[in-house]
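Letter by letter, the chains look like this.
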Amino acid sequence: MKQSPADADWMAVAIALSQRGRPVSAPNPNVGCLIVNDGKIHGRGWTQAGGRPHAEAMALAAAGDAARGATVYASLEPCAHASPRGPCCTDALIGAGVARVVVAAQDPDPRTDGRGIARLRGAGIEVVTGVLPTEARAAMAPWWTRQTAARPYVTLKLATSLDGCIAMRDGSSRWVTGEHARAHGHLERARHQAILVGRGTLAVDDPKLDVRLPGLEARSPKRLLLTRGIAPPGWSAVGSPEAIDGIDSVLVEGGAGAASAFLAADRVDRLLLYRAPILIGGGKPALGDIGLTGLADAHGRWRLADSRLLGSDRLDVYERVREG
Ligand SMILES: NC(=O)c1ccc[n+]([C@@H]2O[C@H](COP(=O)([O-])OP(=O)(O)OC[C@H]3O[C@@H](n4cnc5c(N)ncnc54)[C@H](OP(=O)(O)O)[C@@H]3O)[C@@H](O)[C@H]2O)c1
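Residues numbered from 1 in each chain as written. Predicted model: local features only at pLDDT ≥ 70, side-chain atom pairs only at ≥ 80, totals over all residues. Heavy atoms only, no water.

Moving on: the overall build of the protein chain. From N to C terminus, the protein chain includes 10 helices and 15 strands. Relative to the globule expectation of 20 Å for 324 residues, the C-alpha radius of gyration of the protein chain, 22 Å, shows essentially globular dimensions. The principal-axis extent of the C-alpha atoms belonging to the protein chain is close to 70 × 40 × 40 Å. Among the 324 residues that make up the protein chain, the fraction classed as buried is 48%. Summarising the internal contacts of the protein chain: among those between residues at least 6 apart in sequence, 72% fall at separations of at least 24. By element, 53% of the accessible surface of the protein chain is carried by carbon and sulfur atoms, the whole surface being about 15200 Å². Positive and negative charge centroids in the protein chain, built from 39 and 33 side chains respectively, lie 2 Å apart. (Helix = DSSP H or I, 4+ residues; strand = E, 2+ residues; numbered from the N terminus. Rg over C-alpha atoms; globule rule 2.2 N^0.38 Å. Buried < 20%, exposed > 50% of the residue type's maximum accessible area, 1.4 Å probe, protein only. Contact = heavy atoms within 4.5 Å. Areas by Shrake-Rupley, 256 points an atom, 1.4 Å probe, with all protein chains shown as cover. Lys, Arg positive; Asp, Glu negative; His and termini not counted. Charge placed at Lys NZ, Arg CZ, Asp CG, Glu CD.)

Pasting the structure below:
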């Protein structure tokens, strides 16, 4: 049951593959899988659109006979529950005669939750667990959040000037950031199931919120409007930050009222802060009241996860620090 020195490297590849299923694998987890025999990759898989085939099934199909005696790297414990949509991966791996299965994270779905690992071991297969679990969970954060906290994973995007404005005093905000930052924003859209703006932004900007990157046009997410009123055609109304149902990943694109509402409800898991090297002065501030009672409450909530230059703009990515 020992971890080999190469296990973390192979698992990092499986986790990278898992990102290909995000967000199209919903409602199933975006899993990545690699089948390695004699130091060579024989099969690669990731959960397909709509959730089937699973990553393991795709990798087994690619590996064919080379799966016999191989090591399988799975970013999530192989499923142990039968479904009318396909066979369970644990049985498929046993049937293929694999020798070893390395798992990053145990499946929190109560239908599997350790049963997949136990069944593989019961069939005489060596199982190693806990290889890069934090990275694997982060790669499937939307599904993981839905499973363990019964709410969507929310990313808040803000594009500001150096002095923290999201728009001029008259509300105009096209454009605060440059073309590289905006292209990155479009990539983020393609990674989410839905985009949300507040009714104020719809009124001022009438944004399309589509993905305008070559080849990714079909990945334009569903459009949500934060409003206590009614949404126009093409939009779905959301009455409060807590009221989003049946969606695992939401990108909140402002404006200040919507951003503040999500922060005040503590519904933001990840913050994308695009900052342009401009000063506006007297413009529209990025946020209103977010419900803090003192400065001490503001500290310790956010951890810098990434920082990079996009053209002349800076992107800082922060993650919400949560207990447990
Ligand atoms: N630079 C950027 O990143 C960026 C991005 C987007 C927008 N902007 C700019 O931001 C400005 C618009 O911002 P804004 O603050 O005026 O408007 P907003 O945040 O887009 O929308 C405010 C509206 O959201 C709804 N709302 C807010 N909190 C709510 C809650 N808790 N529950 C239900 N509904 C809620 C309300 O709609 P109802 O009144 O219908 O109930 C409220 O009037 C524009 O100038 C736009 O150009 C900048």
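Moving on from the coordinates now.
This part covers the packing of aromatic side chains. Tallied over the entire structure, the rule returns 2 aromatic pairs. Residues tryptophan 10 and tyrosine 73 carry aromatic rings whose centres are separated by 6.4 Å and whose planes lie at 35° to one another, so their mutual orientation is tilted. Here the residue tryptophan 10 occupies a position in helix H1 (residues 7–18), and tyrosine 73 occupies one in strand S3 (residues 71–76), the gap between them amounting to 63 residues. Judged by relative accessible area, which is 21%, tryptophan 10 ranks as partly exposed. Classification of tyrosine 73 as buried rests on a relative accessible area of 3%. Between tryptophan 143 and tryptophan 144 the ring centres are 6.1 Å apart and the planes differ by 70°, which places this aromatic pair in the edge-to-face class. Grouping residues by exposure puts tryptophan 143 and tryptophan 144 together as buried. Above the ring of tryptophan 46, the side-chain terminus of arginine 20 is found at 4.6 Å from the ring centroid. (Phe/Tyr/Trp six-rings, centres within 6.5 Å; stacked < 30°, edge-to-face > 60°. Lys NZ or Arg CZ within 6 Å of the ring centre and 35° of its normal.)

This part takes up the nonpolar core. Grouped together as the largest cluster of nonpolar side chains are 38 residues, with contacts concentrated most on Met11, Val98 and Val101. Here the element with the most residues in this core is strand S4 (residues 100–105); it accounts for 5 residues. Dropping the residues within four chain positions of it, valine 101 is found in contact with Val72, Pro78, Leu93, Leu120, Ile125, Glu126, Val127 and Val128. Ranked by size, the runner-up nonpolar core spans 23 residues in total, among them Leu156, Ile166, Leu224 and Ala258. (Core = buried A, V, L, I, M, F, W, Y, C linked by side-chain atoms within 4.5 Å.)

This brings us to the sheet that holds S3. With mixed pairing, the 5 strands of this open sheet are ordered in space as S2-S1-S3-S4-S5. Of all the strands in the sheet, just strand S2 (40–46) and strand S5 (126–128) have a single pairing partner and so form its edges. Averaged over all pairs of adjacent strands, the angle between strand axes in this sheet comes to 15°, irrespective of strand direction. Lying over the sheet, helix H2 (residues 55–63) contacts strand S1 (32–37), S2 and S3, oriented at roughly 145° with respect to S2. (Pairing = 2+ DSSP bridges. Axes fitted to C-alpha atoms, helices over the stretch in contact; angles between N-to-C directions.)

What the domain assignment reports for the protein chain is domain 1 (7–146) and domain 2 (151–320). With centres defined by C-alpha atoms, the gap from domain 1 to domain 2 works out at 33 Å. Taken together, the contact between domain 1 and domain 2 spans 10 residues of the former and 14 residues of the latter. Between domain 1 and domain 2, roughly 1100 Å² of surface is buried when both sides are summed, and carbon and sulfur atoms account for 50% of that area. Linking aspartate 248 and arginine 146 is a salt bridge whose minimum nitrogen-to-oxygen distance equals 3.3 Å. (Domains from an automatic or database assignment. Buried area = accessible area lost by both parts, 1.4 Å probe. Salt bridge = Lys/Arg side-chain N within 4 Å of Asp/Glu carboxyl O.)

Locating threonine 177 in the fold gives a position in the loop between strand S7 (165–167) and helix H7 (179–190). When its relative accessible area of 10% is taken as the criterion, threonine 177 is described as buried. For threonine 177 and leucine 310, which are 133 residues apart along the polypeptide, the C-alpha to C-alpha distance reads 9.4 Å. Those residues in contact with threonine 177, other than ones at most four positions away along the chain, are Ala159, Arg182, Tyr274, Ala276 and Asp313.

Moving on to the site of the ligand. Inspection of the region around the ligand gives 24 residues, with Gly171, Arg199, Thr201, Thr227 and Ala258 positioned closest. In this structure, an oxygen atom belonging to the ligand sits 2.8 Å away from a main-chain N or O atom of arginine 228. In the model, an oxygen atom of the ligand is placed 2.7 Å from a nitrogen or oxygen of the glycine 257 main chain. Elements represented by at least two residues in the shell around the ligand include exactly strand S6 (153–160), S7, helix H8 (199–205) and helix H9 (256–264). (Near = heavy atom within 4 Å. Polar contact = N/O pair within 3.5 Å; in protein donor to acceptor, adjacent residues only side chain to side chain.)

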